[in-house]
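Observations on chain architecture
Below, each chain spelled out in residue letters.
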Amino acid sequence: MSDVLSPAMPDGRAAPAGAPRIWQRYTPVQRTVRFFVWLVLAAAVVQSVRTIEIIPEFLLDAHVQMADLLVRMWPPDTAYYPQGIHQALMETLHIASLGTLLSILLAVPLALLVAGNLTRNRAVNLLARIALVTSRSVNSLVWALLFVAVFGPGPLAGTLAIGFRSIGFVGKLLGEAIEQTPRGPIEALEAAGAGWLARIWYGYWPQVKPAFASIVLLRWDINVRESAVLGLVGAGGIGMVLDSAMNLFQWDRVAMVLLAIFAVVVIAEVVVTQVRRRVL
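Below: a short report on this structure. Keep in mind that what you see is a predicted model, and the values were worked out from it rather than measured.

This part takes up the overall build of the protein. What the protein contains, in helices and strands, is eleven helices and two strands. Along the chain direction, N to C, the helices and strands of the protein fall in the order β-β-α-α-α-α-α-α-α-α-α-α-α. Principal-axis analysis of the C-alpha atoms places the extent of the protein at approximately 85 × 70 × 40 Å. Across the 280 residues in the protein, those meeting the buried criterion constitute 36%. Residue pairs in contact within the protein that sit at least 24 positions apart in sequence constitute 67% of those at least 6 positions apart. Counting every atom, the protein has about 17,000 Å² of accessible surface; 69% of that belongs to carbon and sulfur. Taking the average location of the 22 positive side-chain charges in the protein and that of its 17 negative ones, the two points are 13 Å from each other.

The subject of this paragraph is the packing of aromatic side chains. Applying the stated criterion to the full structure yields eight aromatic pairs. For the pair phenylalanine 147 and phenylalanine 164, a centre-to-centre distance of 5.2 Å together with 50 degrees between the ring planes defines the contact as tilted. Here the residue phenylalanine 147 occupies a position in helix H6 (residues 140–151), and phenylalanine 164 occupies one in helix H7 (residues 155–179), the gap between them amounting to 17 residues. With a relative accessible area of 12%, phenylalanine 147 lands in the buried category. Ring geometry for tryptophan 205 versus phenylalanine 212: centroids 5.5 Å apart, planes at 65 degrees, classification edge-to-face. The exposure class assigned to phenylalanine 212 is buried, which follows from its relative accessible area of 16%. An aromatic cluster of at least three residues, connected via ring pairs, comprises Trp143, Phe147, Phe151 and Phe164. Lying across the ring of phenylalanine 169, arginine 219 places its NZ or CZ 5.0 Å from the centre. Between arginine 253 and the ring centre of tyrosine 80, over which it is positioned, the NZ or CZ distance is 4.0 Å.

Take the pattern of salt bridges next. This structure, assessed with the given rule, holds five salt bridges. Residue aspartate 77 is joined to arginine 253 by a salt bridge in which the shortest nitrogen-to-oxygen separation is 3.4 Å. Here aspartate 77 is found in the loop between helix H3 (62–73) and helix H4 (80–114), whereas its partner arginine 253 is found in helix H11 (residues 251–279), with 176 residues between them in sequence. Overall, the relative accessible area of 23% leaves arginine 253 in the partly exposed class. Among the ionic contacts, a cluster of salt bridges with common partners joins Asp221, Arg225 and Glu269.

Further remarks concern the environment of alanine 211. Within the fold, alanine 211 resides in helix H9 (residues 196–227). Sequence separation between alanine 211 and glutamine 250 is 39 residues; the distance between their C-alpha atoms is 44 Å.

A surface patch of nonpolar side chains, about 500 Å² in accessible area, is lined by Val29, Val33, Val37, Trp38 and Leu41. Relative to the helices and strands, leucine 41 is located in helix H1 (residues 28–52).

Our next topic: the environment of alanine 161. Mapped onto the elements, alanine 161 comes out in helix H7. In contact with alanine 161, not counting residues within four places along its chain, are Ser140, Trp143, Ala144, Phe147 and Leu230.

Our next topic: the side chain of serine 135. Its place among the elements puts serine 135 in helix H5 (residues 122–137). For serine 135, a relative accessible area of 5% gives the class buried. Of the polar contacts made by the side chain of serine 135, one reaches the backbone oxygen of arginine 165; its length is 3.3 Å.

What counts, and where the lines are drawn
- Residues numbered from 1 in each chain as written.
- Predicted model: local features only at pLDDT ≥ 70, side-chain atom pairs only at ≥ 80, totals over all residues.
- Heavy atoms only, no water.
- Helix = DSSP H or I, 4+ residues; strand = E, 2+ residues; numbered from the N terminus.
- Buried < 20%, exposed > 50% of the residue type's maximum accessible area, 1.4 Å probe, protein only.
- Contact = heavy atoms within 4.5 Å.
- Areas by Shrake-Rupley, 256 points an atom, 1.4 Å probe, with all protein chains shown as cover.
- Lys, Arg positive; Asp, Glu negative; His and termini not counted.
- Charge placed at Lys NZ, Arg CZ, Asp CG, Glu CD.
- Phe/Tyr/Trp six-rings, centres within 6.5 Å; stacked < 30°, edge-to-face > 60°.
- Lys NZ or Arg CZ within 6 Å of the ring centre and 35° of its normal.
- Salt bridge = Lys/Arg side-chain N within 4 Å of Asp/Glu carboxyl O.
- Patch = residues over 30% accessible without salt bridge, like charges linked within 9 Å, V, L, I, M, F, W, Y side chains within 5 Å.
- Polar contact = N/O pair within 3.5 Å; in protein donor to acceptor, adjacent residues only side chain to side chain.

The following block contains the structure:
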């Protein structure tokens, strides 16, 4: 909505001919639309607060409960790390890495099919886009529950959950990168009689390679975080250790698990940042 400078009275009526022009931030129609937008937002917030059923008594002593929980967590049980946390932490990293690799293998063909400048068939574009949207619309925990039901609890279900969750992310961003490639090198290859695969390898790939590397690094970083909680539904990794410690009220071990997860996330962030800075 842009500012308006027009002959008008303060109440929004048209001014007589020759009257001085009065500056108005919004027209009457724009003000009405803005009022209804804010009204809808306010109604949505009120309805959301009513839906989550906030209990005032629980809010009043929340700080007391949090302080008691922190006291139970301190000091963290550092002696528990070698025997109960380290192996599960490495399993979490393996789940994230293998899941990312699986998503790349499945997402690259879909990205080629969803790119309109590469695949001209609209029906194929639509089917590929539906597959990518389906992957993104299902949370990793829901994927994990599905694969736990099929393959049983363990890291295999977690790896598949991470992989299928990441397909939509990698495929969508890679497809957009392909669509944004300049046409010059592609037209030169077409004029030289290059085939479809040759155009992809020598024309598109050199241009999208930096974007592809950034997408993969970013997704791996996200998957490290997501794989840390998959164990809560039995899909392997350090989440299973966290769930077990919480169920047994071993809060000092819970604190140690949370510290280990935090350390891994920070290290993964540093590694991704350094790789992008030095390689890309």
